[in-house]
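# Coordinates in review
Letter by letter, the chains look like this.
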Number of protein chains: 4
Amino acid sequence: MIKVGIVGATGYTGSELVRLLYNHPEVDIRIITSESRKGELFSDVHPHFQGLADHELQPAHKILEEDLDAVFLALPHGVSMSFVEKYTGADFRVIDLSGDFRLSAPDVYESWYAKAHTFPKGFEQAVYGLPELHREEIRRSRLVANPGCYPTSAILGLAPLVRANMIIPGQIVVDSKSGVTGAGVKAKPTTHYSNVSDNFKAYSLKHHRHTIEIEEQLSELSSNEALQVQFTPHLLPVDRGILSTIYTQPREGVTENQLKALYAAFYKEHPFVRLRKNPPALKDVRGSNFCDLFVTYDERTNRIITVSVIDNLVKGAAGQAMQNMNLMFGLEETTGFTAVPLNP
Amino acid sequence: MIKVGIVGATGYTGSELVRLLYNHPEVDIRIITSESRKGELFSDVHPHFQGLADHELQPAHKILEEDLDAVFLALPHGVSMSFVEKYTGADFRVIDLSGDFRLSAPDVYESWYAKAHTFPKGFEQAVYGLPELHREEIRRSRLVANPGCYPTSAILGLAPLVRANMIIPGQIVVDSKSGVTGAGVKAKPTTHYSNVSDNFKAYSLKHHRHTIEIEEQLSELSSNEALQVQFTPHLLPVDRGILSTIYTQPREGVTENQLKALYAAFYKEHPFVRLRKNPPALKDVRGSNFCDLFVTYDERTNRIITVSVIDNLVKGAAGQAMQNMNLMFGLEETTGFTAVPLNP
Amino acid sequence: MIKVGIVGATGYTGSELVRLLYNHPEVDIRIITSESRKGELFSDVHPHFQGLADHELQPAHKILEEDLDAVFLALPHGVSMSFVEKYTGADFRVIDLSGDFRLSAPDVYESWYAKAHTFPKGFEQAVYGLPELHREEIRRSRLVANPGCYPTSAILGLAPLVRANMIIPGQIVVDSKSGVTGAGVKAKPTTHYSNVSDNFKAYSLKHHRHTIEIEEQLSELSSNEALQVQFTPHLLPVDRGILSTIYTQPREGVTENQLKALYAAFYKEHPFVRLRKNPPALKDVRGSNFCDLFVTYDERTNRIITVSVIDNLVKGAAGQAMQNMNLMFGLEETTGFTAVPLNP
Amino acid sequence: MIKVGIVGATGYTGSELVRLLYNHPEVDIRIITSESRKGELFSDVHPHFQGLADHELQPAHKILEEDLDAVFLALPHGVSMSFVEKYTGADFRVIDLSGDFRLSAPDVYESWYAKAHTFPKGFEQAVYGLPELHREEIRRSRLVANPGCYPTSAILGLAPLVRANMIIPGQIVVDSKSGVTGAGVKAKPTTHYSNVSDNFKAYSLKHHRHTIEIEEQLSELSSNEALQVQFTPHLLPVDRGILSTIYTQPREGVTENQLKALYAAFYKEHPFVRLRKNPPALKDVRGSNFCDLFVTYDERTNRIITVSVIDNLVKGAAGQAMQNMNLMFGLEETTGFTAVPLNP
């Protein structure tokens, strides 16, 4: 059994981690922490867990007193880095769900997150936890930087095209639409019901932090030119899910069949990516760790369109974290994933 | 392994059965049927099952050619009865999710369903499949009439009060609110998005078919007087879930503590009923087989209020059916139920 | 022209007042106040008013410097009373949308609102602003206490039965379901999108403040016995609207036709109450000042069921306030109401 | 008074026309037709109009027996053309809300609508009813082809850039998201509540009919090169509204201020287009005839992003039709438009 601790119980990623790990046959959740709600039960904070996960919430410092194999950090960016620092040298592996170690270097972080990074050394050790690109490094890693939700959706949609050097690197538009849980559990005007329901809007045009995460990962895949992405996030009146509509231009002629074959080959060994005959919808993956992809070529305009959907809390966060844990502990990538998508 | 067939693949209960049975360690889904979509894959009809359940859909008559232990009928009322008749004497057990055999007798059926019953003999054999009331009979049964969604919610909320003979039998109001999946998968004006979204209404006042199902089950529980229920269903702009607000009047004085103790005793051995400290919400049980109950006493008005929530597709249909199957095959009632409620 | 001031611009009732008064041919909105956003434009706070209502928000004390005929108080209860006190003796009439002067006396207020009342003298002057019950008093009033949203829906549904002395006063159940705007504009966990969307729950069982408001108004209508209401509010995943399902018991035999005739007679002179042939839905009144009623008799159970729908922000707040203003200034009750319900 | 007839009462555009025309001071709705519901009242079909529009529905042939000034055709494409033909030479003006006469020529229609056009002569007479581009022609027209909803949103977002010859004509991506009412009133799987709610998907990739409508109108505005648009529609879980996110590339350097000035100059005389400081949301225009636009320049990527929102049933259909009627009858463009956006 993998003895697991979860730091940060009150947010959606913390709650999702428990939902998924609960059904994992090789996991024992030993400790869940929360500073703001310590002493209460996990099921007081999330009543749907009553009778399933009634752990008493502990202060975070108790993590170091437990005998653990893996610790998940379900904390906001800027907060997570100090925990990663504190856990350096600990016996357990760390999977950090924040944005603190996803980028290539502290200065890139500081320029896009507008915040000083207090543990630059962490970057040397951290592996970007997208199994479809970095499976082997993840297996050997002791610190995984779990990818952002938008980047997971965008990178999986673009990776086959970029690695095959098939598209013009300056002509990439990623138009993404996300459910509200991506904005976190905290009540604020942007997540107020009546501001979201029956509504829709774009936000963070031009400078969303996930832009650089997408660009760095894709540039690494690309053999030659620097690559630039026009990324626009939108807020959907749904709980879960990200759909990205991705527009690219082929360097030269391509056919629909070539595209299908390219994607099929790229994802052959990756059980959580499903190639779809028709454009997928959010509910096709809700609650599951799948990323469903559809790709097509528009001859009229000479443009490739890729549609990518994930559940932002699962493949975009907690599910990918459990997938990474499986790899880090030598298990099958799919171990413990029981949930068929919940649709409707 | 229990070899299972599912008749009726295109509706929501068919799809939910596959979702739940997929994770059951003792079940092998051998055949799924559909007349209208036969020859297609189950995952063509429900694309979120791609890679998970790609069974080719069969015509229903193939059921009798398979070596099966259990057959689930996920068919509309009025259609199911002829299948039950056809399967009389077959080697497999039958769990019927329609309303065709839930009532006490053909004439009651005919008066509330306004339709002739073509297999009255089935009533002799059928057991009402609410495990919290009829567990032992279900274990021995070869034909289970799986309860309606509203009745499951209402009966579980009222059963402790009725069996204890605590309430006035003519003063029971059940005000129920259901998600749209209860109206089925078929597109019709009442389920058109813009008629439901941001909207709410009552329907079938005074004469909904589930009224008699609730009354019959409760009257059976009650030792003396005939019992009458004022039942009003409403249509919520949500996919899944039923919440029933139940108003009753105690025959004589009662305290909050007596009520809590009564419910606790009644449901002590029933793992899918959770007694809650605060009024539950639909999402607390979404996707799961739980029925969450809250009961309180209003001293000012001398009335008892019980709030009951279920997922209409799970505890109100497919989950209860799998729970019944577990009982019929000597398994633990909870076997194969992995899904923690999906919230949010 | 009626020169109008609105105190409290940031909430939903403030915003609705401007929406409705904007189209009123006899109204000039002279001043809108907000302490927290003063100096900004009304359309900065509510961008959908850009180009329509670009008033610079003023501090509240400016009200007394303007030449005004009517002032609307769109403030929370507990805050409003001090403004009413301050405006005693002013030349303008006051319409208070809070709960501060709706009840019969300060001690009733203090017991249900759990808060001291600092201006008890206000109760002498205040008229309960439900035009369908108090039209003449409203015409003569200088201080109108605009009714609560739930009470408007419940009282209009019950008034004909109560005034006709037709029902048993101890057997009244009001099961109400409200949209989220009733909980106000402020972001808090209960109005967080993912806590509301695809969800549903009961709240404030047994002791919601609107209970006493309903009971007092109905008792006044009733010639003899004290009257008690079992009131349960629920939170719907919709923006606007209240639907109340009201259960009562006739003292003696009654027919469907008698009920229809009773309601028709009662509301003959009231243009905003519509009697419906079928149960109404929330969207049938959305954005409008209508209260749609449906009444029916269940012979089987000897119970009357009344279904009542309003838009909580219009007939339940700002629209009713404008209706009251019309009466106070000798206008036709319907003057300025242009909006047909927005459906879908 | 303008004596008006409406052909096609059961759909959303028919209902919206009545909602808007009801408040128009110069309009008298003389006749509303429906073949399928003739003999019933308009308010039987749309109960929210009870007491407001209780017209008895007439068969369409009655149109020619009335003394009318204007006829609105609220019919599906393919059906409308035969009515236009029939009304040739009639005394009234015609505003056709279908797609039958929006394109430049019958062969273009036939290639994109995959359907023969039975009244090609109509194209000679029809004027494309987008007042912001064709105001003068509309004033003189006897047959207006009211624009599609997506094209209204896309063209208004792009027109200033195209007319100024500022952008590269082969690099235009229009990623649009529409509410469900755009798919019509008819119940079908794509508009079934549970297929839409909490869901999101792209559809009609590469070949949606509105693509050519956008391209033709913009090409007309453009002085030189042929212009091509990559248009992708998506289905939002909302009733009303279209938001288009539009990506273009400037031919040469441009600044944020130049863009703002360009849009301000272009729309100076157009009261229904509002230029916004921040990206607009659907509810900012819900129920109103506004098109809200936001434009910005991304220096990093050298791309212009324009966000455009409309209510698809108002500025995208019935409101624009009334705006066109105003122009055709010499009224102020804004006459009769009372509705402030309904938000929330």
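The model shown is predicted, which means the values in this text are computed figures rather than measured ones. (Residues numbered from 1 in each chain as written. Chains lettered and ligands numbered in written order. Predicted model: local features only at pLDDT ≥ 70, side-chain atom pairs only at ≥ 80, totals over all residues. Heavy atoms only, no water.)

## A short note on the sheet that holds strand β13 (residues 303-310) of chain D
Residues and elements named next belong to chain D. Pairing is mixed across the open sheet formed by seven strands, whose spatial order is β8-β9-β7-β10-β13-β12-β11. Sheet topology places β8 (201-202) and β11 (273-275) at the edges, where each strand pairs with a single neighbour. Across seven bridges, the pairing between strand β10 (residues 242-248) and β13 is antiparallel. By the bridge assignment for β13, I242 is matched with I310. Against the sheet, helix α7 (residues 149-163) contacts β7 (173-178), β9 (230-235), β10, β12 (291-298) and β13, and its axis sits at roughly 35° relative to β10. (Pairing = 2+ DSSP bridges. Helix = DSSP H or I, 4+ residues; strand = E, 2+ residues; numbered from the N terminus. Contact = heavy atoms within 4.5 Å. Axes fitted to C-alpha atoms, helices over the stretch in contact; angles between N-to-C directions.)

## Here we look at the sheet that holds strand β11 (residues 273-275) of chain C
Residues and elements named next belong to chain C. The seven strands are arranged β8-β9-β7-β10-β13-β12-β11 in an open sheet whose pairing can be described as mixed. Looking at which strands have only one partner, the edges of the open sheet turn out to be β8 (201-202) and β11. Relative to strand β9 (residues 230-235), strand β7 (residues 173-178) runs parallel, the two sharing six bridges. Residue pairing in the sheet places K177 in a bridge with H234 of β9. Running at roughly 35° to strand β10 (residues 242-248), helix α7 (residues 149-163) makes contact with β7, β9, β10, β12 (291-298) and β13 (303-310) of the sheet.

## Some details on the relation of the copies chain C and chain B
Screw-axis analysis of chain C against chain B gives a translation of 0.0 Å along the axis, an RMSD of 0.0 Å, and a rotation angle of 180°. Here the transformation between the copies is reduced to the relation of a two-fold axis. Take the interface residues of chain C: 100% of them recur as interface residues in chain B, which is what a same-surface contact looks like. (Least-squares fit on C-alpha atoms with pLDDT ≥ 70 in both.)

## Concerning unusual backbone geometry
A cis amide bond links B:N343 to the next residue, B:P344, at an omega of 5°. Relative to the assigned elements, B:P344 resides in the segment after α11 (314-328). Positive phi, close to 50°, is recorded for A:A114, a residue that is not glycine.

## Focus: the relation of the copies chain A and chain C
Once chain A is rotated about the relating axis by 180° and shifted along it by 0.0 Å, it coincides with chain C to within an RMSD of 0.0 Å. An overlap of 100% is found between the interface residues of chain A and their copies at the interface of chain C, pointing to a shared contact surface.

## Remarks on the interface of chain C and chain B
On the chain B side, the residues contacting the 49 residues of chain C number 49 residues. Both sides of the chain C and chain B interface together cover about 4,100 Å² of buried area, and 50% of this is carbon and sulfur. Contact with chain B buries area across many residues of chain C, yet C:D198, C:K206 and C:R300 alone supply 17% of it, more than any other trio. On inspection of chain C and its partner chain B, the count reaches eight salt bridges. Two residues, B:R300 and C:E215, come together in a salt bridge whose shortest N-O distance is 2.6 Å. Mapped by element, the contributors of at least two residues to the side of chain C that touches chain B are β7, β8, α9 (210-221), β9, β10, β12 and β13 of chain C. Each residue belonging to the side of chain C that touches chain B can be placed in one class, and the counts come to 22 nonpolar, 14 polar and 13 charged. (Buried area = accessible area lost by both parts, 1.4 Å probe. Salt bridge = Lys/Arg side-chain N within 4 Å of Asp/Glu carboxyl O. Nonpolar A, V, L, I, M, F, W, Y, C, P; charged D, E, K, R; others polar.)

## Examining the confidence of the model for chain A
Per-residue pLDDT for chain A averages 97, and the proportion of residues at 70 or more is 100%. ipTM for the predicted complex: 0.97, alongside a pTM of 0.98. (pLDDT = per-residue confidence, 0-100.)

## As for the pattern of salt bridges
On inspection of all chains with the given rule, the structure shows 96 salt bridges over all chains. A salt bridge links B:D284 to B:R276; its shortest N-O distance comes to 3.0 Å. Across the pair, exposure class does not vary: B:D284 and B:R276 are buried alike. Note that B:R276 and B:D292 form a salt bridge whose closest N and O atoms lie 2.7 Å from each other. In this pair, B:R276 sits in the loop between β11 (273-275) and β12 (291-298) while B:D292 sits in strand β12, placing the two residues 16 residues apart along the sequence. The pair B:R276 / B:D292 is uniform in exposure class, with both members buried. Each of A:E16, A:R19, A:R240 and A:D311 takes part in salt bridges that share partners, so that together they form one network. (Buried < 20%, exposed > 50% of the residue type's maximum accessible area, 1.4 Å probe, protein only.)

## A few points about the domain arrangement of chain A
Residue and element names in this part refer to chain A. According to the domain assignment, chain A consists of domain 1 (2-125) and domain 2 (150-312). Taking the mean C-alpha position of each, domain 1 and domain 2 sit 27 Å from one another. Summing both partners gives a buried area of about 1,200 Å² for domain 1 against domain 2, and 55% of it is carried by carbon and sulfur. Its largest share of buried area at the contact with domain 2, domain 1 owes to Y12, R102 and W112, together 52% of the area lost on that side. With its nearest N and O atoms 3.4 Å apart, the salt bridge here joins R102 to E213. (Domains from an automatic or database assignment.)

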